[in-house]
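Architecture at a glance
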Amino acid sequence: MTAATAAADELAAIYAQRGAGAYYGEPVTMTEHGLQAAYFARAHGAADALVLAALVHDIGHLIESVPDDIADWKQDAGHERIGARWLAARFGAEVSEPVRLHVPAKRYLCATDPAYLGQLSTASVTTLALQGGPMNEAERRAFESQPYWREAVLLRRFDDQGKIGGLKTPPFEHYRPLIERLERVEQPVRAVLFDLDGTLINTEVHTDATVTAVAARHGIAGYSLPHTETHGRTWRHVADTMRAQTGITVPAEALAAELLAYWSAAARQVQPIPGAPEAVRAAAANGLRIAVVSSSPRSVIDHFVEQLGIGECVAPQARIGGDDVRVGKPDPEAFLLAARVLGVEPAEAVVFEDSSAGLLAARAAGMRSVFITCCAAEVIDNTALASATCSDYRSLPAHFWEQLASGATAPLHEDYA
């Protein structure tokens, strides 16, 4: 099997084995449903990547065991996360991200299109309840901030259309040239980009405490923010969010400075993530280029790089802080800047991250990622964004860095306990 046909053969085998099963209360099989969604995507004039996403958007159902009768479901199967992760190992984000977002897109449409809910099939109404129902305002804003959300909404429409019993469509093999053309050939790793907070050092608890304490200074008692608005974000983003939600009138720059000062005092001496300094040194010793890319300012990175004893591994110019970029994570600007500084292509870098903002930024940059879970929130959702996961660096296999440096990419598609 050549690299050019691997994904096509894998998909053909999966659909041949399990695609003939009924599609959860609909008058089509799983294979027919995918073929119809792709058919309607092509008829709409969708880009090739979205046509492929439509074809395989339910791959997660086929590689994960769930009850055949939707009436027996007690919780949502999370097939969009499972499928997107499988696809991300083989295709670009333009294929995997609409798949990951096509279930949230249903919830989004139920909240924004008054007629949409009435058009859902009985089975889709059943799963909607398990998936969380229509989005609230905060969820809508978060959804609209993600790359490929518009493509996901289109994919959702094609998904809803693809449930017509007896409709004739081109067969699966019709799409083989498309699959082969869009399959991604993985590049060997030449650089490793480490986030700081929650990835190299255990500071996320200080971040949450800082938000509450500073808000209290301004008369807002018991205030907190969800981790999606703090972890991996700049203090300016946190300040803007606090001002919008609470009515605090202190200018955003001043509030951000106050937050940073409080956090810096609390987090001056912190514990490293277990095995973090050793991991950085091992990666560098094997010839991999190293950067630290954080939403914290450069001065904070410098302090903790020296405290961790990894200063000789991370050149000063390879310490990219939130003050070095115009737009913070989940925008990919910081990771792309790090790749330029290290002299590598984005596809040759792997990112170690603990937040959804950072993992989304890595994906948008076209980089693979390893999700560090020991200090992370929303582990199930964020796992779908990463190529691999590990609880901390001690769970990586003994020869992990040596294997990466030798050109092996398989270690980036494992979950390490």
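Note that the structure is predicted; figures quoted are calculated from it, not measured.

Attention now goes to the overall build of the chain. A count of helical and extended segments in the chain gives 20 helices and seven strands. A compact globule built from 417 residues would reach a C-alpha radius of gyration of about 22 Å, and the chain, at 22 Å, matches this within 12%. With respect to the three principal axes, the spread of C-alpha positions in the chain is 65 × 55 × 35 Å. Across the 417 residues that make up the chain, the buried fraction comes to 54%. Taking contacts inside the chain between residues at least 6 apart in sequence as the whole, the part at least 24 apart equals 69%. Surface exposure of the chain reaches about 17,200 Å², of which carbon and sulfur atoms provide 52%.

Moving on: the pairing of strand E5 (residues 368–372). Every regular strand shows the same layout, with side chains that alternate between the two sheet faces. By the criterion of burial, E5 is predominantly enclosed, with five of the five residues buried. Side chains Arg 368, Val 370 and Ile 372 of E5 all project onto a buried face; the interleaved residues Ser 369 and Phe 371 project onto the opposite face, where all are buried too. Pairing of strand E4 (residues 349–353) with E5 involves four bridges; the strand directions are parallel. Across the sheet, residue Val 350 finds its bridge partner in E5, namely Arg 368. Handedness of the crossover joining E4 and E5 through helix H18 (residues 356–364): right-handed. Examined bridge by bridge, E5 and strand E6 (residues 388–390) share three bridges and lie parallel to one another. Counterpart to Val 370 in the pairing with E6 is Ala 388.

So, about the nonpolar core. Ranked by size, the top nonpolar core spans 71 residues in total, and within it Leu 193, Leu 200, Met 242, Phe 352, Tyr 393 and Trp 401 carry the most contacts. The element contributing the most residues to this core is helix H17 (residues 333–342), with five residues. Setting aside anything within four residues of it in sequence, one finds Trp 401 in contact with Val 192, Phe 194, Ala 279, Ala 282, Ala 283, Asn 286, Leu 288, Phe 352 and Leu 396. In terms of nonpolar packing, the next biggest core, distinct from the first, is built from 39 residues, Ala 38, Ala 46, Ile 59 and Trp 86 among them.

What follows is about the sheet that holds strand E2 (residues 289–293). Here seven strands make up an open sheet; going across it, the order is E3-E2-E1-E4-E5-E6-E7 and the pairing parallel. For this open sheet the edge positions go to strand E3 (319–320) and strand E7 (415–416), each flanked by a neighbour on one side alone.

Our focus in this paragraph is the pattern of salt bridges. Taken as a whole and assessed by the stated rule, the structure comprises 28 salt bridges. Between Glu 26 and Lys 163 there is a salt bridge; the shortest N-O distance is 3.6 Å. Of the two residues, Glu 26 sits in the loop between helix H1 (6–18) and helix H2 (30–44) while Lys 163 sits in the loop between helix H10 (149–161) and helix H11 (176–182), which places them 137 residues apart along the sequence. Across the pair, exposure class does not vary: Glu 26 and Lys 163 are buried alike.

Moving on to the packing of aromatic side chains. With the rule as written, the count across this model stands at 14 aromatic pairs. For the ring pair Tyr 108 and Phe 143, a centre distance of 4.9 Å and an interplane angle of 35° mean the geometry is tilted. Of this pair, Tyr 108 sits in helix H6 (residues 93–112) while Phe 143 sits in helix H9 (residues 137–144); the two residues are 35 residues apart in sequence, bridging distant segments of the chain. The exposure class assigned to Tyr 108 is buried, which follows from its relative accessible area of 8%. When its relative accessible area of 2% is taken as the criterion, Phe 143 is described as buried. What links up through ring pairs into an aromatic cluster is the set Phe 194, Phe 352, Tyr 393, Phe 400, Trp 401 and Tyr 416. For Arg 90, the ring lying beneath its charged end belongs to Trp 86, and the centroid distance is 3.7 Å.

Our next topic: the packing of helix H12 (residues 204–217) against helix H14 (residues 252–266). Packing of H12 against H14 leaves a shortest axis separation of 9 Å and a crossing angle of 130°. By the angle between their axes, H12 is oblique relative to H14. Classified by chirality, the crossing of H14 by H12 is right-handed. Of H14, the residues touching H12 (which contributes His 206, Thr 207, Thr 210, Val 211, Ala 213, Val 214 and Arg 217) are Leu 255, Glu 258, Leu 259, Tyr 262, Trp 263 and Ala 266.

Right, let's talk about the side chain of Ser 96 for a bit. As for its position among the elements, Ser 96 is in helix H6. Excluding its chain neighbours within four sequence positions, the residues that come into contact with Ser 96 are Ala 84, Leu 87, Ala 88 and Arg 363.

The subject of this paragraph is H10. The end-to-end C-alpha distance of H10, which contains 13 residues, comes to 19 Å, matching closely the 18 Å that a straight helix rising 1.5 Å per residue would cover. Tucked into the core, H10 has its buried residues touching H2, helix H3 (48–56), H6, helix H7 (116–119), helix H8 (122–131) and H9.

Chain-level pLDDT for the chain is 91 on average; 96% of the residues reach the 70-or-more range. Across residues 70–75, confidence stays below pLDDT 50; counting only partners more than four residues off in sequence or on other chains, it has 13 contacts.

What counts, and where the lines are drawn
Residues numbered from 1 in each chain as written. Predicted model: local features only at pLDDT ≥ 70, side-chain atom pairs only at ≥ 80, totals over all residues. Heavy atoms only, no water. Helix = DSSP H or I, 4+ residues; strand = E, 2+ residues; numbered from the N terminus. Rg over C-alpha atoms; globule rule 2.2 N^0.38 Å. Buried < 20%, exposed > 50% of the residue type's maximum accessible area, 1.4 Å probe, protein only. Contact = heavy atoms within 4.5 Å. Areas by Shrake-Rupley, 256 points an atom, 1.4 Å probe, with all protein chains shown as cover. Pairing = 2+ DSSP bridges. Right-handed = clockwise from strand over helix to strand, strands pointing away. Core = buried A, V, L, I, M, F, W, Y, C linked by side-chain atoms within 4.5 Å. Salt bridge = Lys/Arg side-chain N within 4 Å of Asp/Glu carboxyl O. Phe/Tyr/Trp six-rings, centres within 6.5 Å; stacked < 30°, edge-to-face > 60°. Lys NZ or Arg CZ within 6 Å of the ring centre and 35° of its normal. Axes fitted to C-alpha atoms, helices over the stretch in contact; angles between N-to-C directions. Parallel < 35°, antiparallel > 145°, perpendicular 65-115°, else oblique. Left-handed = near helix turned anticlockwise from the far one by under 90°. Expected span 1.5 Å × (residues − 1). pLDDT = per-residue confidence, 0-100.

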